[in-house]
Every structure is written in structure tokens, then in C-alpha cells.
Amino acid sequence: MIGIFDSGVGGMTVARTIEQVCPQYPLLYFGDVAHTPYGSKSSETITGYSRRNTEFLLNQGAKVIVVACNSAAATSVDTLRAEYAVPIIDVITATTRKAAEGTVNRRIGIIGTRATVQSGIYEKQIKQLRPACQIYGQACPLLVPLIEEGWLNQRETKMILRRYLTPLRQHQIDTLILGCTHYPLLTHLIQKRIGKRVHIIDSSIETARHLKSFLDNSPEITSTIRKKMQDCPPHHLEKNRFFVSDSTPPLQKLANGIFGRKINLITTHA
Ligand code: DGL
């Protein structure tokens, strides 16, 4: 099974794309809603949560872990790789490659949580691939709570986005990385505010493609997943399970909206 975790619903944008790109594999999702947002917490705290999330997914039978949270990937992925003997895919690596290859004027914006932007991970990875790129990071700490609340079209959300995106417009970027898996839920507003010339890179799409190519080249992992699948229900979507550490009515609505079907959220204290 493919284990996916995030601090909340954001990683569901990644899970939805993985469902589309790798429909043959069952998914196990864990959203640590009780501790969201991660991005405003210290690296030590985020690493502690990330360890616990990984262990929960492994105990449920995951054979590969997707860290579908930029804040966790930016602060904790090296620790997870050192401590757990399973493949760990993060949301940053494939996204930086896409941005570095795609920019024409070599001016790239990145929006994310404070933990992600302050880590400098996107800048470091992009510069390794294309040293001449200029990277402009903007922390957007208010967006995750607004999204978790389901405020996807409110006037206040638009005002806050304007405040965050105006400096990036002034830098004349041609590429904008959504460095938080919650942000694809605001793509419609972000594209409008940043301008339609700017190419938006959604880390959920890049990560799902990266995972697919990893699985296509890892027969030893896919055969263990297939063996486990013999116990699964026949219809592929029924075999995906969604765990959360807390549940609220806006969360249920968002989850249903992301997948376009009723999602059965299982509350657990991982
Ligand atoms: N979806 C998470 C990310 O990609 C949000 C992190 C948070 O909870 O702050 O960074």
C-alpha cells in the first residue's frame, strides 16, 4: 500500500492525483488535523509528528511513504530516510526539477508555510540544478488555517492572497511553485492574482508522476503491494482508506470536494 501523510487535508490533493496516476495501488492516508498547521511549529516538533505519522502508516501496511506535506518534507525527510527502511518520496524533489527546467526568465517564486520557506530547501535544490535562477520565497502562514476552514472563495482569503502575492508580482517571476499541498485548493484565486502569464507548478502533480516512475522501476516493492492487495475489495476506490487525527464538519466537506465523492474519514489517535 502507498502511505501518504500531511498535517491535514492538503495532502489529499496529492492523494487524489496519485489515485488518478496509479489507480492500481491502494492508498492509506493520514491527515494530522489535530496538530495542523505544521508550518508554524519548530523543526523538532514537526519531525516528532512526522515520525509518528510514518509509524502509523507502516503499522497499517504501507510499503512506501509519500510525505505529502512540504513543511514535513523540508524539515524531516532526511531523518525519516535515516530511521525507516522503506522508500520515502517527498513533495519537493520533483517539483523543484519541474520549476528549474520550465522557467524561461529564470525568476521563480515559491509560496509555502513559514517552515518551508525559511528552510531554503527550494532555493537550494533549484540552484543545484540551475545556478542562474533567482528564487523569491514568500511565507503565507495564514493560508493553511483559511483552507482547513473551507474559506476557498471568501473576500478575506482574496485580500490575504493579494498581500502575499503582490511582492512576487513585482519580481516579475514567470514560474510560481505552490510549495504547500493545501494551496492547489486556491489555484483559481492565485492564478488570477499572480497573472495568467505565470506558470503555476502544483507539487501534487509532480509528486504523483515521480511516485509512478519510482513504482514502475521498483518491482520488489510493487510485488509486495500486489500480494497485500489480494485482501482488498474488488473496486479500486473502496480499498483506499483515509485516517485523520481529528474530524470537523468543514474537513469532511473539503475531503468530499477534493475527491468528488463521499470520503469516509476514520478518526484515530495515531
Ligand atoms: N500541506 C502542508 C504543506 O505542504 C501544510 C503544512 C502546515 O500544516 O502548515 O506544507
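Above this text sits the structure in question.
I will try to describe carefully the structure that is included in this document. Fair warning: this is a prediction, and the values are worked out from it, not measured in the lab.

Describing the environment of Ala-208
Within the secondary structure, Ala-208 sits in helix α10 (residues 203-216). When the C-alpha atoms of Ala-208 and Ala-15 are compared, they prove to be 8.1 Å apart, with 193 residues separating the residues in sequence. Apart from the residues lying within four places of it in its own chain, the contact partners of Ala-208 are Thr-17, Ile-18 and Val-21.

What about the packing of helix α4 (residues 93-102) against α10?
Between α4 and α10, the least distance of the axes is 8 Å, while the angle of their chain directions is 110 degrees. In terms of orientation, α4 and α10 fall into the roughly perpendicular class. Seen along the crossing, α4 lies across α10 with a hand that is right-handed. On α10, the residues that touch Ala-94, Thr-95, Arg-97 and Lys-98 of α4 are Ser-203, Glu-206, Thr-207, Arg-209 and His-210.

Some remarks on the packing of aromatic side chains
By the definition in use, this model includes 5 aromatic pairs. Aromatic side chains Phe-30 and Phe-56 sit 5.1 Å apart centroid to centroid with 50 degrees between the ring planes, which places their arrangement in the tilted category. Within this pair, whereas Phe-30 is found in strand β2 (residues 27-31), its partner Phe-56 is found in helix α2 (residues 43-59), the two being separated by 26 residues in sequence. When its relative accessible area of 0% is taken as the criterion, Phe-30 is described as buried. Since its relative accessible area comes to 10%, Phe-56 is described here as buried. Between the aromatic rings of Phe-242 and Phe-259, the centroid separation amounts to 5.0 Å while the plane-to-plane angle is 65 degrees, which identifies the pairing as edge-to-face.

Looking at the nonpolar core
Counting residues in each nonpolar core, the largest one holds 89 residues, and the members touching the most others are Ile-2, Ile-18, Leu-176, Tyr-183 and Ile-190. Other than its neighbours up to four places away in sequence, Ile-18 contacts Ile-2, Ile-4, Pro-23, Leu-27, Val-66, Ala-208 and Leu-211.

What about the environment of Val-67?
Here Val-67 shows up in strand β3 (residues 64-67). Sequence separation of Val-67 and Asp-90 is 23 residues, and the distance between their C-alpha atoms is 4.9 Å. Setting aside residues up to four positions removed in sequence, Val-67 forms contacts with Phe-5, Ala-72, Ala-73, Val-77, Leu-80, Ile-88, Ile-89, Asp-90 and Val-91.

Some points on the sheet that holds strand β4 (residues 88-90)
The strand order across the open sheet formed by 6 strands is β4-β3-β1-β2-β9-β10, and the pairing between neighbours is parallel. Lying at the two open borders of the sheet, with one neighbouring strand each, are β4 and β10 (265-267). The average angle at which neighbouring strand axes cross in this sheet is 25 degrees, direction not considered. Strand direction decides the pairing type here: β3 and β4, joined by 3 bridges, are parallel. The partner of Val-67 across the bridge, within β4, is Asp-90. Sitting on the sheet, helix α3 (residues 70-83) is in contact with β1 (2-6), β3 and β4, with an inclination near 165 degrees to β4.

Criteria and thresholds
Residues numbered from 1 in each chain as written. Predicted model: local features only at pLDDT ≥ 70, side-chain atom pairs only at ≥ 80, totals over all residues. Heavy atoms only, no water. Helix = DSSP H or I, 4+ residues; strand = E, 2+ residues; numbered from the N terminus. Contact = heavy atoms within 4.5 Å. Axes fitted to C-alpha atoms, helices over the stretch in contact; angles between N-to-C directions. Parallel < 35°, antiparallel > 145°, perpendicular 65-115°, else oblique. Left-handed = near helix turned anticlockwise from the far one by under 90°. Phe/Tyr/Trp six-rings, centres within 6.5 Å; stacked < 30°, edge-to-face > 60°. Buried < 20%, exposed > 50% of the residue type's maximum accessible area, 1.4 Å probe, protein only. Core = buried A, V, L, I, M, F, W, Y, C linked by side-chain atoms within 4.5 Å. Pairing = 2+ DSSP bridges.

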